[in-house]
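Descriptive structure summary
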Amino acid sequence: KVKKPVVISTWNHGLPANEETWKQIKTGKKALDALEAGLRIPEADPKVRSVGYGGYPDREGKVTLDACIMDHNSNCGSVSFLEGIMHPISVAKRVLENTPHVMLSGSGALQFALSEGFKEENLLTPEAEKDWKKWLEESKYKPVINFENHDTISMLMVDEDGNLAGGCTTSGAAWKMYGRVGDSPIIGAGLFLDNEVGAAAATGLGEAVIRTAGSAMVVELMRQGKSPYEACKEITERIYEKHKNHRDMEYLQVGFIALNNKGEHGAYSLRSGFNYAICDDEKGNRMEDAKFKMT
Ligand code: SD4
């Protein structure tokens, strides 16, 4: 029998995020508050180039952010194409809590964030700006596989009672077109959960995850009796089949993490190099390498 709670997050930056979430759970915070607190850590870290502050901009030099959050009652909140706010996960949570909607985008999301008291600030760090200017010299869009081992952060958790929560936050694909939205703010693509079954989240090339309704499908396979690992593997293989002759294949990487309401978890990625952070009472907070289809 697996001991709950369990928190899992994508990539190396999942470790400090898990640590914060764990601390909050242990001091009695509600699941969604704990999850938000954990995801705010990489968002505020300028060294993490794929999330929040310090994230790489689009090809016009603008840092645009995507995030979403979902609770055990299937309430969700999401922001996409948001500029100038360091903590999109917190804005997504306010969408869940304080609006009749699921998703706010662009200038509307910014207007809402400001009305909720968030501060507008410049998220483009000098380091990210320097790399963008360098990219401009050739201006070739070719996403880097396992980008510096951190990409999107997606976090899933199950509390002691077996209730699930999940969230994602990212600055999206570096050098994307202005206005591009990835999978991470889309419920069913970058994140999905059904409290009767489990939760799943994605990382990697968002376009491929959207085309295949990735996270929703992983949850559906768990409903049919697959383990989290088996479900992640089957959907990753489906994505491969759909993309093996696609122009995206050359730089395609996708990875999934999944957690069921019993606390069992798993992960799988198309290419090697994906890992995830797991935190539970039994073994503490640690990294595990995901199995993969190809190198
Ligand atoms: C996205 N899954 O926006 C996210 C993260 C990323 O290359 O940067 N992918 O597609």
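Being a predicted model, the structure only gives us computed values, none of them experimental.

Calculation rules
- The numbers attached to residues start from 1 for each chain and follow its sequence in the written order.
- Local features in this predicted model are restricted to residues whose pLDDT is 70 or higher, and side-chain atom pairs enter the listing and the counts only when it is 80 or higher, whereas totals over whole chains, interfaces and linings include all residues.
- The way it works is that DSSP assigns letters per residue, a run of H or I at least four long becomes a helix, a run of E at least two long becomes a strand, and they are numbered from the N terminus.
- Three exposure classes are used. Buried residues have 20 or more other C-beta atoms within 10 Å of their own C-beta, exposed residues have 12 or fewer, and partly exposed residues fall in between, all C-beta atoms being placed from the backbone.
- Contacts here follow a simple rule: the backbone-placed C-beta atoms of the two residues must lie within 7 Å.
- Each residue gets a C-beta atom placed from its backbone. Should that atom fall within 6 Å of a molecule or strand, the residue is termed near it.
- Residue polarity follows a fixed list, in which Ala, Val, Leu, Ile, Met, Phe, Trp, Tyr, Cys and Pro are nonpolar, Asp, Glu, Lys and Arg are charged, and the others, Gly among them, are polar.
- The criterion for strand pairing is that DSSP finds at least two bridges linking the strands in question.
- The convention used is that axes are lines fitted to C-alpha atoms, helices contributing only their stretch in contact, and that angles between N-to-C directions extend from 0 to 180 degrees.
- We define the nonpolar core as any set of buried residues of the types Ala, Val, Leu, Ile, Met, Phe, Trp, Tyr and Cys, connected via C-beta atoms lying within 7 Å of each other.
- UniProt positions are given in the numbering used here, feature names are shortened, and annotations may be inferred rather than shown by experiment.
- Working definition: roughly parallel below 35 degrees, roughly antiparallel above 145 degrees, roughly perpendicular at 65 to 115 degrees, and oblique for all remaining angles.
- Handedness of each helix crossing follows the sense of rotation of the near helix against the far helix: counterclockwise by less than a right angle gives left-handed, clockwise gives right-handed.

1. Describing the overall build of the protein
In terms of helices and strands, the protein carries 8 helices and 13 strands. Going through the 295 residues of the protein one by one, you find that 53% of them count as buried. In the protein, 66% of the contacts between residues at least 6 apart in sequence involve partners at least 24 apart.

2. Focus: the site of the ligand
Around the ligand, 14 residues are found, and the nearest of them are T152, G172, A173, G182 and G206. Residues belonging to the shell around the ligand are distributed by class as follows: 3 nonpolar, 9 polar and 2 charged.

3. A short note on the sheet that holds strand β9 (residues 254-260)
Pairing within the open sheet is mixed, and its 5 strands lie in the order β7-β8-β9-β10-β13. Each edge of the sheet is formed by a strand with only one pairing partner; in this case those strands are β7 (191-194) and β13 (291-294). The average undirected angle you get between the axes of adjacent strands in this sheet is 15°. Here 5 bridges tie β9 to strand β10 (residues 265-271), and the two strands are oriented antiparallel to one another. Bridge assignment links F256 to a residue of β10, and that residue is Y268. Here helix α7 (residues 214-223) sits on the sheet and contacts β7, β8 (198-204) and β9; the angle it forms with β8, its principal contact strand, is near 145°. Relative to the sheet, helix α8 (residues 228-243) contacts β8, β9, β10 and β13, its axis offset from that of β10 by approximately 20°.

4. Some points on the nonpolar core
V218, F256 and A258 are the most contacted members of the largest nonpolar core, which totals 84 residues. Sort the elements by how many residues they give to this core and helix α2 (residues 31-44) lands first, with 6 residues. Look past the residues within four positions of A258 in its chain and what remains in contact with it is G198, A199, A200, V218, M222, P228, A231, C232, H265 and G266. Membership of the second largest hydrophobic core comes to 6 residues, among which are Y56, A128, A174 and W175.

5. Some details on the environment of R286
Note that R286 resides in strand β12 (residues 284-289). Classification of R286 as exposed rests on a count of 12 C-beta atoms within 10 Å. Between the C-alpha atom of R286 and that of G14, which follows or precedes it by 272 residues, the distance is 9.4 Å.

6. Focus on α7
Of all 10 residues making up α7, 7 are buried, and the element is well covered by its neighbours. Those residues of α7 hidden inside the fold are in contact with β7, β8, α6 (206-211), α8 and β9. G225 sits one or two residues past α7 and shows a positive phi near 110°.

7. Here's the deal with the UniProt feature "binding site: substrate" (unreviewed entry) in the protein
According to UniProt, the "binding site: substrate" (unreviewed entry) feature falls on R180, V181, G182, D183, T203, G204, L205 and G206. Relative to the assigned elements, G204 resides in strand β8. Beyond its immediate sequence surroundings of up to four residues, G204 is in contact with D151, V209, Q253, V254 and G255. Within the element layout of this structure, G206 appears in helix α6. Not counting residues within four places of it along the chain, the set of residues in contact with G206 comprises G172, A173, G182, D183, S184 and G190.

8. What to know about the packing of helix α1 (residues 14-26) against α2
It is the contact of α1 with α2, at a shortest axis distance of 7 Å, that shows an interaxial angle of 150°. In terms of orientation, α1 and α2 fall into the roughly antiparallel class. α2 is crossed by α1, and the crossing has right-handed handedness. Each of P16, A17, N18, E20, T21, Q24 and I25 in α1 lies in contact with α2, whose residues at this interface are D33, A34, L35, A37, G38, L39, I41 and P42. Counted by class, the contact of α1 with α2 contains 9 nonpolar, 4 polar and 2 charged residues.

9. What to know about the UniProt feature "active site" (unreviewed entry) in the protein
As annotated by UniProt and renumbered to match this structure, "active site" (unreviewed entry) occupies T152. Note that T152 resides in the loop between α5 (126-138) and β5 (153-158). Filtering out sequence-adjacent residues up to four positions away, T152 remains in contact with T10, S50, C168, T170, S184 and T203.

10. A look at the sheet that holds strand β2 (residues 64-70)
Taken together, the 8 strands give an open sheet; going across it, the order is β4-β3-β2-β6-β5-β1-β11-β12, and neighbouring strands pair in mixed fashion. One side of each edge strand has no neighbouring strand; the edge strands of this open sheet are β4 (103-105) and β12. Sheet twist, expressed as the average angle between the axes of neighbouring strands with direction ignored, equals 10°. Pairing analysis gives 6 bridges linking strand β11 (residues 275-280) to β12, with the strands arranged antiparallel. Each bridged residue has a counterpart across the sheet, and for N275 the counterpart in β12 is D289. Packed onto the sheet, α2 meets β2, β5 and β6 (164-170) and runs at close to 20° relative to β6. The sheet strands contacting helix α3 (residues 88-98) are β2, β3 (76-83), β4 and β6, and the helix crosses β3 at an angle near 135°.

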